[in-house]
Amino acid sequence: MGFRLPGTTRSSFSAASKGAWKSLEVPKGYVAVYVGEKMKRFVIPISYLNQPSFQDLLSQAEEEFGYEHPMGGLTIPCREDVFLDITSQFNGL
């Protein structure tokens, strides 16, 4: 994956989506998004929101869901592999 919280591993993000984290709280400076058909949960840095390619995803989300997201959080209407491919380009931000 292209994003990590300081002190976490890639598997932490997968574990979060499977409910393995005891708390679903999102750390300050991050946002939870739901992606793909299975609505997998990812926690990403808010700095990603300023990236043009991520803003394209947000525009798609607005077109599809408006401001009412089925998961109660931000839902991104694309496949997980596409999301991971896009966000992997943001390493080092």
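Residues numbered from 1 in each chain as written. Predicted model: local features only at pLDDT ≥ 70, side-chain atom pairs only at ≥ 80, totals over all residues. Heavy atoms only, no water.

1. Structural notes on the confidence of the model for the chain
Note that predicted coordinates carrying low pLDDT should not be read in detail. In plain terms, the rule: Scored from 0 to 100, pLDDT records how confident the predictor is in each individual residue. Think of it this way: any DSSP run of H or I at least four residues long counts as a helix, any run of E at least two long counts as a strand, and we number them from the N terminus. Whether two residues touch is decided by their heavy atoms; if any such pair falls within 4.5 Å, the residues are in contact.
Confidence along the chain averages 76 in pLDDT terms, with 67% of residues attaining 70 or more. Mean pLDDT per element in the chain: helix α1 (residues 10–17) is the minimum at 43, and helix α3 (residues 80–88) is the maximum at 94. Predicted confidence is poor over residues 1–22, with pLDDT under 50, and the contacts of this stretch with residues over four places away or in other chains come to 40 contacts.

2. Section: the sheet that holds strand β3 (residues 74–76)
Filter applied, for reference: Criterion used throughout: strands pair if DSSP finds at least two bridges between them. Fitted lines through C-alpha atoms serve as axes, helices being fitted only where they are in contact, and the angles separating the N-to-C directions of these axes extend from 0 to 180 degrees.
Strand order in the open sheet formed by three strands is β2-β1-β3, with mixed pairing between adjacent strands. Whereas interior strands pair on both sides, the edge strands pair on one side only; in this sheet they are β2 (40–45) and β3. Between one strand axis and the next, the sheet turns by 40° as a mean value, whatever way the strands run. Sheet analysis places strand β1 (residues 30–35) next to β2, joined by six bridges and oriented antiparallel.

3. Comments concerning the nonpolar core
Heads up, the condition is: Here, the term nonpolar core denotes a set of buried Ala, Val, Leu, Ile, Met, Phe, Trp, Tyr and Cys residues that are joined through side-chain atoms within 4.5 Å. The buried label applies to any residue whose accessible area, calculated with a 1.4 Å probe on protein chains only, is under 20% of its type's maximum; exposed applies above 50%, and partly exposed to all values in between.
If you look at the biggest cluster of nonpolar residues, it comprises twelve residues: V33, V35, F42, I44, Y48, F54, L57, I76, C78, F83, I86 and F90. Put simply, the parts of the chain that give this core at least two residues each are β1, β2, α2 (52–65) and α3. Those residues in contact with I76 that sit more than four places away from it in its chain are V33, Y34, V35, G36, F54, L57, L58 and F83.

4. Overview of the pattern of salt bridges
This is how the line gets drawn: In the sections that follow, a salt bridge refers to a side-chain nitrogen of Lys or Arg positioned within 4 Å of a carboxyl oxygen of Asp or Glu.
Using the criterion set out here, one finds two salt bridges in the structure. One salt bridge in this structure joins D81 and R79, with 2.8 Å as the shortest N-O distance. For D81, a relative accessible area of 44% translates into the label partly exposed.

5. Digging into the environment of I44
Positionally, I44 belongs in strand β2. Linking I44 and Y30, residues 14 residues apart in sequence, is a C-alpha distance of 5.3 Å.

6. Observations regarding unusual backbone geometry
Residues other than glycine predominantly adopt negative phi, and peptide bonds predominantly adopt the trans conformation. One non-glycine residue with positive phi stands out, namely M39, at about 50°. Relative to the assigned elements, M39 resides in the loop between β1 and β2.

7. Focus: the packing of aromatic side chains
Condition: Aromatic rings from Phe, Tyr and Trp, taking only the six-membered ring of Trp, are treated as a pair when their centres fall within 6.5 Å; an angle between ring planes under 30 degrees marks them as stacked, one over 60 as edge-to-face, and anything in between as tilted.
Considering all chains together, one arrives at three aromatic pairs under this definition. Through a chain of ring-to-ring contacts, the aromatic side chains of F42, F54 and F83 assemble into a single cluster.

8. A word on the pairing of β2
Extensive coverage of β2 is indicated by the burial of six of its six residues. Residue alternation in β2 divides its side chains into two sets, K40, F42 and I44 and R41, V43 and P45, and both sets are buried. Following β1, the chain reverses through four residues before pairing antiparallel with β2; G36 in that reversal takes a positive phi of roughly 85°.

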